[in-house]
Amino acid sequence: MLVVQALQRPRVLTGGFGANLNVRDRWNNTPLSEAIREGHLEVARFLIRNEAELGMSEGDAAGLLCDLARGGDVEKIKTLCSGGVNPNACDYDCRTAMHLAACVGNVLVVEQLCAFGCDLSFQDRWGNSALSEAVREGHKKVAEVLHERGGKLMWSEDRAASELCEFARNGDLERIKTLALCGCPLSSADFDGRTCLHLAASVGNKLIVQALLDSGVDLNFADRWGGTPLADAVREGHRDIASALIESGAELGFDEGKASGALCELAKGGDLDKVKLLLSGGCDANAADYDLRTCLHLSASTGNLHVVEELIKANANVNCIDRWGGTPLVDAMRVTRKISMPLQP
């Protein structure tokens, strides 16, 4: 009875009859919690001014706050927090109203919770902060607000690299930009030493590569196999990306053995474009393998004139000798003899 009357005529009940403002019904609800739940915020504010209590456990308060944050009910949240609810109250997964507001992208709720001193570093049981939730869900404006108010991603380098690489693989430039805005180091490397620039170069996403170049990332970070972003771009045949990386000062990072292996393999297949990219990326045209064979030997052996011409332009030694004493000219003549030899009857 008191609850019903409190919702209808609070001033009458509190004004002279000595009504107990914190009486609980059999479900443990107080008049204040009923007023808020039913949306009678004027009544709720009146009860709060008269020192009424919500009488909620932290778990109940967290559940209600999270529901209101998900639904974007700023006024009820404001009334709850004014009534003494801890804005950092968390549920069984350590999720707070701020996590929920960030997830759904409600800027007004986020700003209201910030006004009540919500802890922006609070992490749920998976290690997610409100800022990381906003980034993951693509709510750039919320992420900006949280970052401006001191919010942190709370990520290890491995986690930052994992998220960045995933966004690069999927071509999600906006999320990468948002992470950069929030202070995430874009050169973070994962357990394989791979950065988001490696991934963007591998999949051929020129927009992301250019954005990363403009941000000043480490161009020559080598993964655990010694591969650089430029090496990835060349291997996958992304000529425009390789060119952009080279113009920005990127290097292949190949030693002589690796350079000769890559060049010889490409020469054997007659892949002129990739040979050009390797040479422009700093590959030594005279790099020799364990048999002292060079790319010029291989291209002469296969009769690929265009590759031979490109190598000579790159100052390849036309008289280099392999371990059997063979030169590119000898290889070329051997091929010529095979072609001109008449068929035996």
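Conventions adopted
Residues numbered from 1 in each chain as written. Predicted model: local features only at pLDDT ≥ 70, side-chain atom pairs only at ≥ 80, totals over all residues. Heavy atoms only, no water. Helix = DSSP H or I, 4+ residues; strand = E, 2+ residues; numbered from the N terminus. Buried < 20%, exposed > 50% of the residue type's maximum accessible area, 1.4 Å probe, protein only. Areas by Shrake-Rupley, 256 points an atom, 1.4 Å probe, with all protein chains shown as cover. pLDDT = per-residue confidence, 0-100. Contact = heavy atoms within 4.5 Å. 1 Å grid on protein atoms, 1.4 Å probe; cavity = no way out; pocket = protein on both sides within 12 Å on 5 of 7 lines; lining within 4 Å. Points joined across faces, edges and corners; volume = space filled by probe spheres on them. Nonpolar A, V, L, I, M, F, W, Y, C, P; charged D, E, K, R; others polar. Disulfide = S-S within 2.5 Å. Polar contact = N/O pair within 3.5 Å; in protein donor to acceptor, adjacent residues only side chain to side chain. Core = buried A, V, L, I, M, F, W, Y, C linked by side-chain atoms within 4.5 Å. Salt bridge = Lys/Arg side-chain N within 4 Å of Asp/Glu carboxyl O.

Participant: A description of the overall build of the protein should follow, citing residues and the corresponding values.
Facilitator: Looking only at helices and strands, one finds 21 helices and 0 strands in the protein. The principal-axis extent of the C-alpha atoms belonging to the protein is close to 125 × 40 × 25 Å. In the protein, which comprises 345 residues, the proportion classed as buried is 48%. For the protein, the accessible area works out to roughly 17400 Å², and carbon and sulfur atoms hold 50% of it.

Participant: Tell me about the confidence of the model for the protein, residues and numbers included.
Facilitator: Per-residue confidence for the protein averages 87 on the pLDDT scale, and 92% of its residues sit at or above 70. When the criterion is pLDDT under 50, residues 1-8 qualifies, and its contacts beyond four places in sequence or with other chains add up to 16 contacts. Long-range and interchain partners of residues 339-345, a stretch whose pLDDT sits below 50, account for 0 contacts in this model, where long-range means more than four residues apart.

Participant: I'd like a description of the layout of surface pockets, backed by residues and values.
Facilitator: The space that makes up the largest pocket amounts to roughly 240 Å³. Lining of the largest pocket is provided by 12 residues; of these, Asn 28, Asn 29, Ser 33, Met 56 and Asp 60 occupy positions nearest its centre. Among the secondary structure elements, those contributing two or more residues to the lining of the largest pocket are helix H3 (31-37) and helix H5 (58-71). Residue contributions to the lining of the largest pocket peak at 3 residues, all from H3. Across the lining of the largest pocket, the residue classes tally to 4 nonpolar, 5 polar and 3 charged. The calculated volume of the second largest pocket comes to roughly 190 Å³. As for the second largest pocket, its lining consists of 15 residues, of which Ala 231, Arg 235, Phe 254, Lys 258 and Ala 262 are closest to the centre. Only helix H15 (229-235), helix H17 (256-269) and helix H18 (272-280) provide two or more residues apiece to the lining of the second largest pocket. For the lining of the second largest pocket, the per-class residue count stands at 7 nonpolar, 2 polar and 6 charged.

Participant: Quick rundown of the state of the cysteines? Include the residues and the values.
Facilitator: Applying the stated criterion across every chain, the model contains 0 disulfides. Distance from the sulfur of Cys 196, which forms no disulfide, to the nearest cysteine sulfur (Cys 165) is 6.2 Å.

Participant: How would you explain the side chain of Ser 132 if you had to name every residue and give the values?
Facilitator: Structurally, Ser 132 can be placed in helix H9 (residues 130-136). Within polar-contact distance, the side chain of Ser 132 engages the backbone oxygen of Ser 129 at 2.9 Å. Residue contacts for Ser 132: discarding those within four places in its chain leaves Leu 153 and Trp 155.

Participant: Could you give me a rundown of the nonpolar core, with the residues and numbers involved?
Facilitator: Ranked by size, the top nonpolar core spans 93 residues in total, and within it Met 98, Leu 146, Leu 212, Leu 245 and Leu 311 carry the most contacts. In terms of residue count, H5 provides more of this core than any other element does, 6 residues in total. For Leu 146, the residues in contact, after removing those within four places along its chain, are Met 98, Ala 102, Val 110, Leu 120, Ala 130, Leu 131, Ala 134 and Gly 151.

Participant: Any chance you could break down helix H4 (residues 41-49) for me, citing the residues and the numbers?
Facilitator: Among the residues of H4, those classed as buried are Leu 41, Val 43, Ala 44, Phe 46 and Leu 47. Glu 51 sits one or two positions beyond H4 and adopts a positive phi of about 65°.

Participant: An account of the side chain of Asp 192 is needed here, citing residue identities and associated values.
Facilitator: For Asp 192, the location among the structural elements is in the loop between helix H12 (173-181) and helix H13 (196-203). Take Asp 192: its relative accessible area is 15%, and that puts it in the buried class. A distance of 2.4 Å separates the side chain of Asp 192 from the side chain of Arg 224, its partner in a polar contact. Excluding residues within four positions of it along the chain, Asp 192 makes contact with Asp 223, Arg 224 and Trp 225.

Participant: Quick one: what's the story with H12, residue by residue and with numbers?
Facilitator: Of the residues making up H12, those classed as buried are Leu 173, Ile 176, Thr 178 and Leu 179. Check the buried side of H12 and you find it contacts H9, helix H10 (140-148), helix H11 (157-169) and helix H14 (206-215). In the segment just after H12, Gly 183 is the residue with positive phi, at about 90°.

Participant: An account of the environment of Gly 151 is needed here, citing residue identities and associated values.
Facilitator: With respect to the helices and strands, the residue Gly 151 is situated in the loop between H10 and H11. Sequence spacing of Gly 151 and Ser 121 is 30 residues, and the spatial spacing of their C-alpha atoms is 6.3 Å. Ignoring sequence-local partners within four residues, the contact set of Gly 151 consists of Leu 120, Leu 131 and Leu 146.

Participant: Let's hear about unusual backbone geometry: which residues, and what values?
Facilitator: Unlike most non-glycine residues, Cys 94 shows phi in positive territory, near 60°. With respect to the helices, strands and loops of the structure, Cys 94 is situated in the loop between helix H6 (74-82) and helix H7 (97-104). Cys 94 gets classed as partly exposed once you look at its relative accessible area, which sits at 29%. One non-glycine residue with positive phi stands out, namely Leu 292, at about 65°. Assignment of secondary structure puts Leu 292 in the loop between H18 and helix H19 (295-301).

Participant: Just give me the short version of the pattern of salt bridges, but keep the residues and values in it.
Facilitator: For the coordinates displayed, the defined rule picks out 19 salt bridges. The partner of Asp 322 in a salt bridge is Arg 293, with the nearest N and O atoms 2.9 Å apart. With Asp 322 in the loop between helix H20 (305-313) and helix H21 (328-340) and Arg 293 in the loop between H18 and H19, this residue pair connects regions lying 29 residues apart in the sequence. Asp 322 gets classed as buried once you look at its relative accessible area, which sits at 6%. Within the structure, one salt-bridge network assembled from shared partners comprises Arg 95, Asp 124, Glu 133, Arg 136 and Glu 137.

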